[in-house]
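Each chain, letter by letter, is given below.
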Amino acid sequence: MKKIALLFIIVLTLSCSKSTEDEFNEVNGNVAEKYVKRLQVLDNVNGNSSITINYGEGNRVTSITDGNATTFFNYDSSNNLSSINDSNETFNMSELYQAPYDAFETGQVLEYDDNSNPIKIKVYEDGYGSELLTGTIVYDANPNPYFYTLKAAGGIAVLDMVDLNFGITDPSIIKARNLFPNNNIRSMIFKDDSGITKYEVQFDYTYGSDKYPVSASVSALSVDESSSYDLIYTYK
């Protein structure tokens, strides 16, 4: 559950003077501010599941739950995200600001498109030191539907403050915001050095009039298995 929360906040497992929000607005124009309230996964094989995001005063995210475990979001007197915690431990945001995060242990971004979306990345298949895969990411023209939800959780401010180190011996520092896509991901394909596809995910969205997805059919393939499921989006 904590991994889900961190994904919303720092998007670190994956240059410029503009803030993340300025860039998002420049790419997408005047889009509605919508907040994901619930994300349902309809899976006939593995069973259905859902994630619910709870909001408090001023549209601040207060918690995320999957029905079994809950992660809580805590803010300081200036309404900046200070920590997140579950029943086991607390993660303080200040830990992210102390030194550049060693992102090279996860991978690196090789190429961006004209909307500043990462379109070619290198990632380790099973953690640092394992086989490196090259990922190609394709986007729809519509906005990233999680942007304002992340902002409501204080995550956009975090992205604007966190430095990432992409150099092993020669540090190459960029802002974490440069990894956050402005548009909605349509597909991801990961290949090994021989050009053999190891993983592939395809999204087929149904959009509402406000350009936000209301549902999606997802197909996931790997060398070992394949699966498909549907996503249902509910907004606040």
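Shown above is the structure to which this text applies.
Residues numbered from 1 in each chain as written. Predicted model: local features only at pLDDT ≥ 70, side-chain atom pairs only at ≥ 80, totals over all residues. Heavy atoms only, no water.

> Mind showing me how you'd approach the packing of aromatic side chains here?
What describes a pair of aromatic rings is the distance from one ring centre to the other and the angle between the planes of the rings. Considering all chains together, one arrives at 9 aromatic pairs under this definition. A centroid spacing of 5.9 Å and a plane angle of 70 degrees characterise the contact between tyrosine 35 and tyrosine 55, whose relative ring orientation is edge-to-face. Of this pair, tyrosine 35 sits in the loop between helix H2 (20–28) and strand E1 (36–42) while tyrosine 55 sits in strand E2 (residues 49–55), and the two are 20 residues apart along the sequence. We classify tyrosine 35 as buried; its relative accessible area is 12%. Classification of tyrosine 55 as buried rests on a relative accessible area of 15%. For the ring pair tyrosine 233 and tyrosine 235, a centre distance of 6.4 Å and an interplane angle of 10 degrees mean the geometry is stacked. Taken together, the ring pairs connect Tyr146, Tyr212, Tyr233 and Tyr235 into an aromatic cluster. Cation over ring: lysine 236 sits above tyrosine 55, and NZ or CZ is 5.8 Å from the ring centre. (Phe/Tyr/Trp six-rings, centres within 6.5 Å; stacked < 30°, edge-to-face > 60°. Helix = DSSP H or I, 4+ residues; strand = E, 2+ residues; numbered from the N terminus. Buried < 20%, exposed > 50% of the residue type's maximum accessible area, 1.4 Å probe, protein only. Lys NZ or Arg CZ within 6 Å of the ring centre and 35° of its normal.)

> Sorry, what's going on with the pattern of salt bridges here?
Pairs can form between side chains of opposite charge once their charged atoms are near each other. Going through the model one piece at a time under the given rule, you end up with 5 salt bridges. Here lysine 34 ties to aspartate 210 by a salt bridge, and the two come within 2.7 Å at their closest N and O atoms. With lysine 34 in the loop between H2 and E1 and aspartate 210 in the loop between strand E14 (197–207) and strand E15 (213–222), this residue pair connects regions lying 176 residues apart in the sequence. Judged by relative accessible area, aspartate 210 falls into the partly exposed class, the value being 25%. Residue glutamate 131 is joined to lysine 198 by a salt bridge in which the shortest nitrogen-to-oxygen separation is 3.4 Å. (Salt bridge = Lys/Arg side-chain N within 4 Å of Asp/Glu carboxyl O.)

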